[in-house]
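Here is what each chain is made of, one letter per residue.
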Amino acid sequence: MKKINRRSFLAVCGAVAAAGALAACGSSSSSTAASSSTASSTASSASSVASSASEAASDLSSLSGTVATGGSTSMNSVIEALTEGFAEVAPGVTISYDPTGSGAGITGALEQTLDIGLASRALHDDETGVSATTVALDGIAMVVNNENPVADLSIDQLAQIFKKEITNWADVGGEDGEIVVIGREAGSGTRDGFESIVGVEDACVYDQELTATGAVISAVASNKLAIGYASLSAVGDTVKTLTVEGVECSEATVLDGTYKVQRPFNFITNDSVELSDAAKAFIDFAVSEDAAELIRLAGAVPLVDAE
């Protein structure tokens, strides 16, 4: 793949950074609306660099077709950023995205209703017939209300809270009040990642189970007794992010492994189906140096460094 002109590429990055910031906040419905609006704005902002970017990637400019993606809602900002960046080098390809959850993304790839499933977790041993390509890493941030004085929790304390063995904030250094446990629905990659890392699979007792990352953030933001988890790429200033065993959730700590609650962002493909040239090119782009800055600005952690 020929590389995008650096000046053009960074201009695209600046445009999609605004898209990622807006997509990170709000409920599922508002996030969807914001994403649609922001995508239009981003496309307009990026149009000034389309010509030079397309010339620099003339080997992709002749591609055409549609690539259907869907699955993880936590990957919303990342897939939007990659889609906008890829449009500059392959303007004839349309990338669609249906945010239905990681489980649905894996099923979609297996059942061939999606060209690329999106899963914010590793494949389970029994999920055969598909393969995962990791495009980024993501920290699962532990979030509380901005008025909550608690700043740090251990893995063991998190396990006890989510199993309802600790039920009052006063027991972990906070103010008196019953802890409200908020998480994702069954099949969510964020939930699967959190529960497996903390060691509470099938043992959590949730007060609310919500169907999107934005919904969890909104619920915690509106309840000063709540705790939840959300993708680092989606967390803004509407909630407070806790450190876990003294380590903040950041790009650096996810990449060096010191932040323990982290998971992969994966593209899932069917082992028995030959991908279209457009789908292959999109995957190649997503794991290239060209996409690293886009992924970083979307709030996730790229596996390669941008030049």
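Residues numbered from 1 in each chain as written. Predicted model: local features only at pLDDT ≥ 70, side-chain atom pairs only at ≥ 80, totals over all residues. Heavy atoms only, no water.

Engineer: Explain the environment of A136 to me, using residue names and the numbers behind them.
Structural biologist: Structurally, A136 is set in strand β4 (residues 130-144). The spatial distance from the C-alpha of A136 to the C-alpha of P264 is 6.1 Å, given a sequence separation of 128 residues. Aside from chain neighbours lying at most four places away, what touches A136 is P264, F265, I295, A300, V301 and L303. (Helix = DSSP H or I, 4+ residues; strand = E, 2+ residues; numbered from the N terminus. Contact = heavy atoms within 4.5 Å.)

Engineer: Account for the environment of T73, naming residues and giving values.
Structural biologist: Topologically, T73 is positioned in the loop between β1 (65-71) and α5 (76-89). On the accessibility criterion, T73 (13% relative accessible area) is buried. Measuring from C-alpha to C-alpha, the distance between T73 and L118 comes to 8.6 Å, with 45 residues separating the pair along the chain. Among residues more than four places away in sequence, those in contact with T73 are Y97, P99, T100, G101, R184, T211, A212 and T213. (Buried < 20%, exposed > 50% of the residue type's maximum accessible area, 1.4 Å probe, protein only.)

Engineer: Outline the side chain of S288, listing residues and values.
Structural biologist: By the element assignment, S288 lies in the loop between α11 (277-286) and α12 (289-297). Among the polar contacts made by the side chain of S288, one reaches the main-chain carbonyl oxygen of F285 at a distance of 2.7 Å. (Polar contact = N/O pair within 3.5 Å; in protein donor to acceptor, adjacent residues only side chain to side chain.)

Engineer: Tell me about the pairing of strand β11 (residues 262-270), and name the residues and values.
Structural biologist: Burial analysis of β11 places eight of its nine residues in the buried class, which makes it a mostly covered element. As defined by bridge partners, strand β3 (residues 116-119) adjoins β11 across three bridges and the pair is classed as antiparallel. For A119, the partnering residue across the bridge sits in β11 and is N266. (Pairing = 2+ DSSP bridges.)

Engineer: Go over helix α9 (residues 213-221) with me, naming the residues and quoting the values.
Structural biologist: Among the nine residues in α9, seven count as buried, and that is most of the element. By the burial criterion, the buried members of α9 are T213, G214, A215, V216, I217, A219 and V220.

Engineer: Let's hear about the packing of α5 against α11: which residues, and what values?
Structural biologist: Put simply, α5 and α11 touch, their axes get as near as 10 Å, and they point 115 degrees apart. With respect to α11, the element α5 is oriented roughly perpendicular. The handedness of the crossing between α5 and α11 comes out as right-handed. Contacts between α5 and α11 involve I79, L82, T83, G85, F86 and V89 from the first element and A278, A281, F282, F285 and A286 from the second. (Axes fitted to C-alpha atoms, helices over the stretch in contact; angles between N-to-C directions. Parallel < 35°, antiparallel > 145°, perpendicular 65-115°, else oblique. Left-handed = near helix turned anticlockwise from the far one by under 90°.)

Engineer: Which residues make up the pattern of salt bridges, and what are the values?
Structural biologist: In total, this model carries 11 salt bridges according to the counting rule given. Residue E251 pairs with R296 through a salt bridge whose shortest N-O separation is 2.9 Å. Residue E251 is found in helix α10 (residues 251-255), and its partner R296 is found in helix α12; the two are separated by 45 residues along the sequence. When its relative accessible area of 29% is taken as the criterion, E251 is described as partly exposed. Among the residues examined, R296 registers a relative accessible area of 24% and is labelled partly exposed. (Salt bridge = Lys/Arg side-chain N within 4 Å of Asp/Glu carboxyl O.)

Engineer: Run through a negative patch on the surface, naming residues and quoting values.
Structural biologist: Where like charges cluster on the molecular surface, the negative patch consists of E147, D171, E175 and D176. Structurally, E175 is set in the loop between α7 (155-162) and β6 (180-184). E175 sits in the exposed class, given a relative accessible area of 54%. (Patch = residues over 30% accessible without salt bridge, like charges linked within 9 Å, V, L, I, M, F, W, Y side chains within 5 Å. Areas by Shrake-Rupley, 256 points an atom, 1.4 Å probe, with all protein chains shown as cover. Lys, Arg positive; Asp, Glu negative; His and termini not counted. Charge placed at Lys NZ, Arg CZ, Asp CG, Glu CD.)

Engineer: If you had to explain the pairing of strand β2 (residues 93-99) to someone new, which residues and values would you point to?
Structural biologist: Taken together, the seven bridges between β1 and β2 define a ladder with parallel strand orientation. When the sheet's bridge partners are listed, A68 is paired in β2 with S96. Each parallel crossover has a hand, and the one from β1 via α5 to β2 is right-handed. (Right-handed = clockwise from strand over helix to strand, strands pointing away.)

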